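# Commentary on secondary and tertiary structure
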Amino acid sequence: MFLTSILHFLSLNIILVLQCIIFLILNVLDAHSTWLVLKPNNYHRERNPIARWVFRKLRIPRAIIIFKAVLMSFLGFYIGYWWKEALTINLGLLIGNVLFIIVVLHNYKVSRHYRKQREYLEASKAEGNL
């Protein structure tokens, strides 16, 4: 009964729309947090080798926008073509959204670390300790 209810819920197209909106928001947050970690040109911090290569070639922030736009376009075509398979897409997006939340939170944590490190170094230089 419970499993049937969950499967029915995940088969609804409105849930698919909501999941797509959440995924889009998470991609915007990922782009922002990635930019915070990589700016101005710390490409070595990017763990995805394909993204790192694209970012080096096209330079950030433009590269982040292009990279995200291409990925989101492919996903949009896929969802548009398989729209009637809402259960399958919802399951994939649910897993993807949970993982993306973890990635975005981690990116902001790393960004805070680098910001504090940079502020410490700047303060040390101002005091003449470095």
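Going by the structure above, here's the rest.
Just so you know, these numbers come straight off a predicted model, no measurement behind them.

### Looking at the environment of A86
With respect to the helices and strands, A86 occurs in helix α5 (residues 86-127). A relative accessible area of 3% means that A86 is categorised as buried. The sequence separation of A86 and L26 amounts to 60 residues, and the corresponding C-alpha distance is 20 Å. A86 has contacts with L10, S11, L12, N13 and L16, leaving out every residue within four places of it along the chain.

### Topic: the pattern of salt bridges
Following the criterion strictly, the structure yields two salt bridges and no others. We note a salt bridge from D30 to K68, for which the minimum N-O separation is 2.5 Å. One end of the pair, D30, is in helix α2 (residues 13-38); the other, K68, is in helix α4 (residues 62-81), and 38 residues separate them in sequence. Across the pair, exposure class does not vary: D30 and K68 are buried alike. When the shortest N-O distance is used, the salt bridge between E119 and R115 registers 3.5 Å. With a gap of four residues between them, E119 and R115 both fall in helix α5, about one helical turn apart.

### With respect to the packing of aromatic side chains
Considering all chains together, one arrives at two aromatic pairs under this definition. Between F23 and F100, the aromatic rings sit 5.4 Å apart at their centres with planes inclined by 65°, giving edge-to-face as the arrangement. Taken together, the positions of F23 in helix α2 and F100 in helix α5 put the pair 77 residues apart, joining distant regions of the chain. Note on F23: relative accessible area 14%, which makes it buried.

### Overview of the packing of helix α3 (residues 49-58) against α4
The contact between α3 and α4 brings their axes to 8 Å, and the two run at 130°. Taken as axis vectors, α3 and α4 run oblique relative to one another. In this structure, α3 meets α4 at a crossing whose hand is right-handed. Every residue of α4 that contacts α3 at I50, A51, V54, F55 and L58 is listed here: R62, A63, I64, I66 and F67. Within the contact of α3 with α4, the residues separate by chemical class into nine nonpolar, no polar and one charged.

The rules behind the values
Residues numbered from 1 in each chain as written. Predicted model: local features only at pLDDT ≥ 70, side-chain atom pairs only at ≥ 80, totals over all residues. Heavy atoms only, no water. Helix = DSSP H or I, 4+ residues; strand = E, 2+ residues; numbered from the N terminus. Buried < 20%, exposed > 50% of the residue type's maximum accessible area, 1.4 Å probe, protein only. Contact = heavy atoms within 4.5 Å. Salt bridge = Lys/Arg side-chain N within 4 Å of Asp/Glu carboxyl O. Phe/Tyr/Trp six-rings, centres within 6.5 Å; stacked < 30°, edge-to-face > 60°. Axes fitted to C-alpha atoms, helices over the stretch in contact; angles between N-to-C directions. Parallel < 35°, antiparallel > 145°, perpendicular 65-115°, else oblique. Left-handed = near helix turned anticlockwise from the far one by under 90°. Nonpolar A, V, L, I, M, F, W, Y, C, P; charged D, E, K, R; others polar.

Read these as spatial facts, not as claims about activity.
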